[in-house]
Amino acid sequence: MFWQESDPEIHPKVPNDVVDVMFPLQHCKSLPVDHAQALANAVLGAVPWLAEEPQAAIHTIHVAGSQNGWERPSRDGEQQLLPSRRTKLGIRIPRARLDALKAALEGSTLEVKGSSFSLGPAKERPLSAEKTLFARYVVAHADEDEDQFLRRVVSELAQRGIKIRKALCGKTLSLNTATGPVVTRSLMLAELSLDDAIALQQQGIGDHQTLGCGIFLPHKGIEAVGQAAR
């Protein structure tokens, strides 16, 4: 018999100096779809130092887009999300700030545009080794089209030493903020190097990261985003 074991799969090591901290939402019956500014106000009110932390970002709260015939409401008007027991608030911070963030938020109650919820015990989630990343919102210029947006993003990232091989932008959305509407586009970046993928997750891109903008998440592939963008 000839029997040769396959080489063990090598899992790339991801630095843990920046992490996502996930707080379960408790007693949250509903939440406005357009809640980025109100959520940022509530979190920063409880944790003021987040506003001065360059690597801090607050994920907006998302639930499934479609389930059991229910479709995600539009951002127009006062439409509401219906969080489940598994819905979480995510905050991306340097690991050195982890204990301070937990101490400030665990067990606290936040008020967000007439909705309130408590935050349960947090769990740490490491950044991903996935080389395809997706950002739901990246700040765009009001007068730029899709091609101009992509060229600007690629140029800005090149100045940071990040090489982009494949990029796809999706829906244009306007976020209501304290200083007026902010135009954003979704963005997919694929076939990144591991170092570039980690740097993008650690640093994000553009302004308003405490409003959920410029935050990169792992995604299973550019083809799925192409379908979602249509």
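Above this text sits the structure in question.
Residues numbered from 1 in each chain as written. Predicted model: local features only at pLDDT ≥ 70, side-chain atom pairs only at ≥ 80, totals over all residues. Heavy atoms only, no water.

**Student:** Describe the overall build of the protein chain, and please don't skip the residues or the numbers.
**Tutor:** From N to C terminus, the protein chain includes five helices and 14 strands. Counting all 230 residues of the protein chain, 46% fall into the buried class. A separation threshold of at least 6 residues defines the contact pool for the protein chain, and within that pool the share at least 24 residues apart is 77%. Taken as a whole, the protein chain presents about 12700 Å² of accessible surface, with 49% of it coming from carbon and sulfur. (Helix = DSSP H or I, 4+ residues; strand = E, 2+ residues; numbered from the N terminus. Buried < 20%, exposed > 50% of the residue type's maximum accessible area, 1.4 Å probe, protein only. Contact = heavy atoms within 4.5 Å. Areas by Shrake-Rupley, 256 points an atom, 1.4 Å probe, with all protein chains shown as cover.)

**Student:** Any chance you could break down the packing of aromatic side chains for me, citing the residues and the numbers?
**Tutor:** One pass over the full model with this rule turns up zero aromatic pairs. Positioned above the aromatic ring of Trp49, the side-chain terminus of Arg97 is 4.3 Å from the ring centre. Geometry around Phe149 places Arg185 over its ring, the cationic atom sitting 6.0 Å from the centre. (Phe/Tyr/Trp six-rings, centres within 6.5 Å; stacked < 30°, edge-to-face > 60°. Lys NZ or Arg CZ within 6 Å of the ring centre and 35° of its normal.)

**Student:** Go over the pairing of strand 1 (residues 18-26), please, and point to the residues and values.
**Tutor:** In terms of residue burial, strand 1 counts as a mostly covered element, since eight of its nine residues are buried. Here strand 1 pairs with strand 7 (residues 88-94) via seven bridges, running antiparallel. Following the sheet pairing, Asp20 is matched in strand 7 by Arg92. Pairing of strand 1 with strand 10 (residues 123-126) involves four bridges; the strand directions are antiparallel. Pairing of Val19 across the sheet is with Pro126, part of strand 10. Summarising the sheet, strand 1 and strand 9 (residues 115-119) pair through two bridges and their orientation is antiparallel. Note that in strand 9 the partner of Gln26 across the bridge is Ser118. (Pairing = 2+ DSSP bridges.)

**Student:** Quick rundown of the environment of Ile215? Include the residues and the values.
**Tutor:** Summarising the element assignment, Ile215 is placed in the loop between helix 4 (194-203) and strand 14 (217-218). Between the C-alpha atom of Ile215 and that of Ile205, which follows or precedes it by ten residues, the distance is 7.0 Å. Setting aside chain neighbours within four positions, we find Ile215 in contact with Ala57, Ile58, His59, Arg92, Phe134, Ala135, Arg136, Tyr137 and Gln209.

**Student:** Account for the nonpolar core, naming residues and giving values.
**Tutor:** Membership of the largest hydrophobic core comes to 26 residues, with the highest contact counts inside it found for Phe23, Leu89, Ile91, Leu101 and Phe117. When residues no more than four places from it in sequence are discounted, the contact partners of Leu101 are Val21, Phe23, Val47, Trp49, Leu50, Ile91 and Ile93. The next biggest cluster of nonpolar side chains, apart from the first, holds 19 residues, and it includes Leu157, Leu189, Ala199 and Leu200. (Core = buried A, V, L, I, M, F, W, Y, C linked by side-chain atoms within 4.5 Å.)

**Student:** Talk me through unusual backbone geometry; I want residue IDs and the actual numbers.
**Tutor:** In most cases, non-glycine residues show a negative phi, while peptide bonds are predominantly trans. Backbone geometry places Glu191, a non-glycine residue, at a positive phi of 55°. Along the chain, Glu191 turns up in the loop between strand 13 (180-190) and helix 4. Its relative accessible area of 44% is what places Glu191 among the partly exposed residues. The residue His208 is not glycine, and still its phi comes out positive at about 65°. With respect to the helices and strands, the residue His208 is situated in the loop between helix 4 and strand 14. A residue is classified by how much of its surface remains accessible, and His208, at 31% relative accessible area, is partly exposed.

**Student:** Please set out helix 1 (residues 36-46) residue by residue, giving values where relevant.
**Tutor:** Note that an α-helix has 3.6 residues per turn; residues three or four places apart therefore point the same way. Among the residues of helix 1, those classed as buried are Ala36, Gln37, Ala38, Leu39, Ala40, Ala42 and Val43. Buried residues along helix 1 sit against strand 3 (57-58), strand 7, strand 8 (109-112), strand 9 and strand 12 (166-177).

**Student:** Run through the pairing of strand 11 (residues 133-139), naming residues and quoting values.
**Tutor:** Most of strand 11 sits out of view: six of its seven residues are buried. Where strand 11 and strand 13 come together, five bridges link them in antiparallel fashion. In the strand pairing of strand 13, Leu133 is matched with Leu189. Here strand 11 runs beside strand 14; their pairing, made up of two bridges, is antiparallel.

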